[in-house]
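Below, each chain spelled out in residue letters.
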Amino acid sequence: MKSVLGRRGVAPSWSVQRPFGWRTLIGLVIILVIMGDSAHRLGLERIFIQTGEAIAASVGLQERSQLGDAVGRITGEMFPITIEERKPVTRIENFDEARLPPFSHLESVDVQEQVLNSDTLQLETVTHTQRVLVEPAGYLLYVLTKMVETIEIAIWATIFAIVMSLPLAYLSARNYTPHFVIYGAARGVVSFFRSMPELITALFLVIAFGFGPVAGILALTLHGAGFLGKFYADDIEAADKRPQEALQAIGAGQLSILRLAVIPQVLPSFTAQTLYLLDRNIRMAAVVGLVGGGGIGQELKGRYDLFEYDRVGTILLVLFITVVGLDQIASRIRRHLLS
Amino acid sequence: MRDFNSCEDRLAIDGPALSFTGVSKAFGDGHQALADVSFDVAPGEFCVVLGASGSGKTTLLRMVNGLVDVSGGEIAVTGERLSTANMARVRRKIAMIHQQFNLIERLSVAQNVMAGTLAQQTVWRAMIKLYPRSVQNKALELIKRVGLGADHVNRRAARLSGGQQQRVAIARALMCDPAVILADEPVASLDPKIAHDVLGLIREAARERGAAVLCSLHQPDLARQYGDRIVALHQGVVVFNGPPSALSGDVLHQIYHMSAPAA
Ligand SMILES: Nc1ncnc2c1ncn2[C@@H]1O[C@H](COP(=O)(O)OP(=O)(O)O)[C@@H](O)[C@H]1O
Ligand SMILES: [Mg+2]
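Note that this is a predicted model, so its numbers are computed, not measured.

(A) The site of ligand 1, seen in detail. Residues and elements named next belong to chain B. Ligand 1 sits among Phe27, Asp29, His31, Ala33, Ala52, Ser53, Gly54, Ser55, Gly56, Lys57, Thr58 and Thr59. Gly56 is positioned with one of its backbone polar atoms (N or O) 3.1 Å from an oxygen atom of ligand 1. Between ligand 1 and the protein, one listed contact pairs an oxygen atom with a side-chain N or O atom of Thr58 at 2.6 Å. For ligand 1, whose accessible area on its own is 560 Å², the fraction buried by protein is 63%. Of the residues forming the shell around ligand 1, the biggest block, three residues, is contributed by helix α2 (residues 57-64).

(B) The arrangement of the environment of Ala158 of chain B in detail. Residues and elements named next belong to chain B. Relative to the elements of secondary structure, Ala158 occurs in the loop between α6 (133-145) and α7 (162-174). Exposure remark for Ala158: the relative accessible area of 42% places this residue in the partly exposed category. The sequence separation of Ala158 and Leu107 amounts to 51 residues, and the corresponding C-alpha distance is 8.2 Å. If sequence neighbours within four positions are ignored, Ala158 has contacts with Glu105 and Gln165.

(C) Spatial organisation of the packing of helix α7 (residues 213-238) of chain A against helix α9 (residues 254-289) of chain A. All names here are of chain A. Running from amino to carboxyl end, α7 crosses α9 at an angle of 150°, the nearest separation of the two axes being 9 Å. Judged by the inter-axis angle, α7 sits roughly antiparallel to α9. Handedness of the crossing formed by α7 with α9: right-handed.

(D) A look at the pairing of strand β1 (residues 18-26) of chain B. Residues and elements named next belong to chain B. Of the strand pairs in this sheet, β1 and strand β2 (residues 32-41) are connected by six bridges, and their pairing is antiparallel. Opposite Ser19, over in β2, you have Asp40 as the bridge partner. In this antiparallel pair of consecutive strands, β1 and β2, the connection spans five residues, and Gly30 shows a positive phi of 90°. Sheet analysis places β1 next to strand β4 (residues 72-77), joined by five bridges and oriented antiparallel. For Ser24, the partnering residue across the bridge sits in β4 and is Gly72.

Conventions we followed
- Residues numbered from 1 in each chain as written.
- Chains lettered and ligands numbered in written order.
- Predicted model: local features only at pLDDT ≥ 70, side-chain atom pairs only at ≥ 80, totals over all residues.
- Heavy atoms only, no water.
- Near = heavy atom within 4 Å.
- Polar contact = N/O pair within 3.5 Å; in protein donor to acceptor, adjacent residues only side chain to side chain.
- Areas by Shrake-Rupley, 256 points an atom, 1.4 Å probe, with all protein chains shown as cover.
- Helix = DSSP H or I, 4+ residues; strand = E, 2+ residues; numbered from the N terminus.
- Buried < 20%, exposed > 50% of the residue type's maximum accessible area, 1.4 Å probe, protein only.
- Contact = heavy atoms within 4.5 Å.
- Axes fitted to C-alpha atoms, helices over the stretch in contact; angles between N-to-C directions.
- Parallel < 35°, antiparallel > 145°, perpendicular 65-115°, else oblique.
- Left-handed = near helix turned anticlockwise from the far one by under 90°.
- Pairing = 2+ DSSP bridges.

Next up, the structure:
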């Protein structure tokens, strides 16, 4: 005879177990209190107050709002965005009028300058004619080359991250690592890389390698290797064991098994993670540029510091369109590979 | 240690393809899965291991190619006694067919079949998945032999039906010219009609090549129909070893009813 007592030694009763108990409820209350305190310390209420004011102002309930004013001021200065590039010919080295850049032309403009007359000691307005080289899409083209540079930075960083993470993933996959000590060490390295924020790594790498793409690429590579290393390793560990066992049974070597029975199975997932990293790297490549890591971010920082918001507008627009466009391409690739 | 590359090895050609002598298995948790199992399988013979679920069939088969360690007794393949030292070499003479087919689903049929020769290939060949012409031709021949068409050759294994996948697994098993083919419930996931086709194919293909088959099954009627000989396991002990015609109702009763027959 089986015991009539249930698992905990209490007689089973004809009732459905409650899905949650009072402990869950108390836990929830504690979490809410902690979150409330944190929100208060960080001043999160301003999110609601200022957004509320802005909405009220926009529907006419209120004269003006701080947020609305700020947004209005910035957009006012950003638009119209700057597309063309104008440069006084006197500031162009080796200027040759016979060989102008394509689609450009020269304009003569009157420039008024306040000059201190040394005789009268008074400010006088002097007008003189200056010749200016106008490239109608010059600035946009420059921003586009910077955008291409940013994408290049992201692609190189992704490639380097793949190359670095493959051996790390092999060593930190429990079922393929040569030794558990190596497993622990590799997992440690991977977590360390992943925990390094790109922006801060870039700050230090700029000191070591100077301003420019190299520092940006390396900063993105280190974080990316940590990211891919972990997810590749987890995929290898979780891969279907049956085909691996089939090859093991006929005496195939570890590397052959990894190549033939693991890689093909995890490839869709590898690809999805790598595409995610590339996507993230393009956005982050723009960010590390802010601290001197090359690309469009460096240009953005420079213009921002000079209060040239019309050019900042151009940069942000190009960045936005690029990220959206690449996202479309990436999702198409992903769909193709997963089928 | 004895030297198996000498005359004993050659003498073994007339001996059994596979022999178990007093083999036992106790798992780490102390569970005795097999006890004192002894029997031989001759070259070209189709030997069925019959038993209920949990009787030790899988354990017995997996000990032959070292997927499970032997606790006691010895196993010999074409006269060569298994040990950890010669496992890599012995494995080349043994092929395995699995209940779940165990194909690499995202690789093509041809790639799966050619992978059957991996133990003989250099690592770089595996890396680039490019096999010698002779291997390619042999794979094509075997794909035809197991009843698949040219349209299947480069199709992903996952696209095939269960029966077709098991045919691919059979072709993969035949690639290394095995002396012994282990088949662990090869038809347990297949429809009855397909099950007959697949078992028939394994038996014929093995017989053509003089390979011994050790095939586990849990259905007595299939065992009777395809086995040249039946070894019945009950709770890790051999309770019958003989031709299908000698398999009595008493034995079947003992295998499939948990209670021991009253003494
Ligand atoms: N890795 C293992 N550890 C412990 N016990 C096991 C292990 N594998 C199998 N067993 C036990 O050994 C017995 C025989 O199992 P198995 O060989 O799989 O039987 P069958 O294939 O005939 O169903 C079962 O009781 C099973 O629970
Ligand atoms: Mg089994």
